[in-house]
Amino acid sequence: MMMTPWVTRLLFANAAVFLLQMTMTGLENQFALVPALGLVRPWTFVTYMFLHGGLGHIFFNMLSLFFFGPRLEERLGSRSFLWLYFVSGITGGLLSLFFTPNVPIIGASGAVFGVMLGYATFWPRHQILIWGIIPVEARWMVVALTAISLWSGLGGGGGGIAHFAHLGGFLGAWITLRVLEARSPTKQWQKKAAVKSRVVEGASSAVERFRRIPRDNLHPVNRDELDRVLDKIGATGMSSLTPSERDFLERFSARS
């Protein structure tokens, strides 16, 4: 597996901070997130993502980032990948504010869950081997993790895990992906094409309406003018009409 720039940097950053935790007492107290104190300690919405509660905690978070992150960074580009990662983590903290406001939170799980949702969005049928044995499609893995987090977070058994940070990670990634999709060059082109198509369809409908103007009821002068304007539309299109020519057509088509 080829590593990508920001996944590599995030892996090293998390490992470095974990080593600092092991050697510096009080670091966790300064940089862990207590959601209710987020307004007076806003930096903790970011710093809590780099702290971990033990070797197993950081191992499984970084293992997930290692497996799912590189392909997603290649797909999105480094800048968009970073947005997804940090928005997912921050949203995890914000969602915890509503459900567990006074419980300290540490860990990259919210951000990593966002990465997993991004992976499942682009490769929903890719087989993931749980514990290296059980094959599960990426989309069903996300569904299962969502169900577990909801059940556990709403009273089924917390186990010292920030379940709402996980759910917030999914939510943040979903929002980020929707924004990135709306701003993508392909989406912008589709919007412009749709507008152009509506304009063309509207012009075609108007021409058909003008061609249905009853000629027999017109004065010969107006009949000649109608023929001239319709010929002009056929030669150079609706956009070439002057305001008076357009008014002329609209006036007689309204009578039909």
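The structure this text deals with has already been given above.
Numbering of residues begins from 1 in every chain and follows the order in which that chain's sequence is written. Owing to the predicted nature of the model, reporting of local features is limited to residues with pLDDT of at least 70; listing and counting of side-chain atom pairs is limited to 80 or more, with chain, interface and lining totals taken over all residues. Remark: hydrogens and water are excluded; side-chain values derive from all non-hydrogen atoms of the structure.

### Observations concerning the pattern of salt bridges
Stated formally: Here, a salt bridge means any side-chain nitrogen of Lys or Arg that lies within 4 Å of a carboxyl oxygen of Asp or Glu. The secondary structure listing takes helices from DSSP runs of H or I that are at least 4 residues long and strands from runs of E that are at least 2 residues long, numbered from the N terminus.
As enumerated under the stated definition, the model contains 3 salt bridges in all. Close ionic contact of arginine 178 with glutamate 181 constitutes a salt bridge, the shortest N to O distance being 3.5 Å. Here arginine 178 pairs with glutamate 181, and both are found in helix 8 (residues 163–182), just 3 residues apart, close to one helical turn. Of the charged contacts, one joins glutamate 225 and arginine 228 as a salt bridge, the two residues approaching to 2.8 Å between their closest N and O atoms. Of this pair, glutamate 225 and arginine 228 are both found in helix 10 (residues 220–236), 3 residues apart, which corresponds to roughly one turn of the helix.

### Thoughts on a nonpolar patch on the surface
Operational definition: Like-charged residues within 9 Å of one another, or nonpolar side chains (Val, Leu, Ile, Met, Phe, Trp, Tyr) within 5 Å, are grouped into patches, provided each residue has over 30% relative accessible area and no salt bridge. Note on areas: these come from Shrake-Rupley sampling with a 1.4 Å probe, and a residue is covered only by the protein chains present in the view. Relative accessibility decides the category of a residue: with a 1.4 Å probe and only protein chains considered, values under 20% of the type maximum give buried, values over 50% give exposed, and everything between is partly exposed.
Side chains of Leu94, Leu97, Phe98, Phe99, Leu150 and Leu154 sit close together on the surface and give an oily, nonpolar patch of about 610 Å² of accessible area. At the level of elements, helix 5 (78–99) and helix 7 (138–156) are the ones that each hand at least two residues to the nonpolar patch. When residues in the nonpolar patch are grouped by element, the largest group, 4 residues, is from helix 5. Looking at the element boundaries, leucine 150 is found in helix 7. A relative accessible area of 39% means that leucine 150 is categorised as partly exposed.

What is shown is where atoms sit, not what they do.
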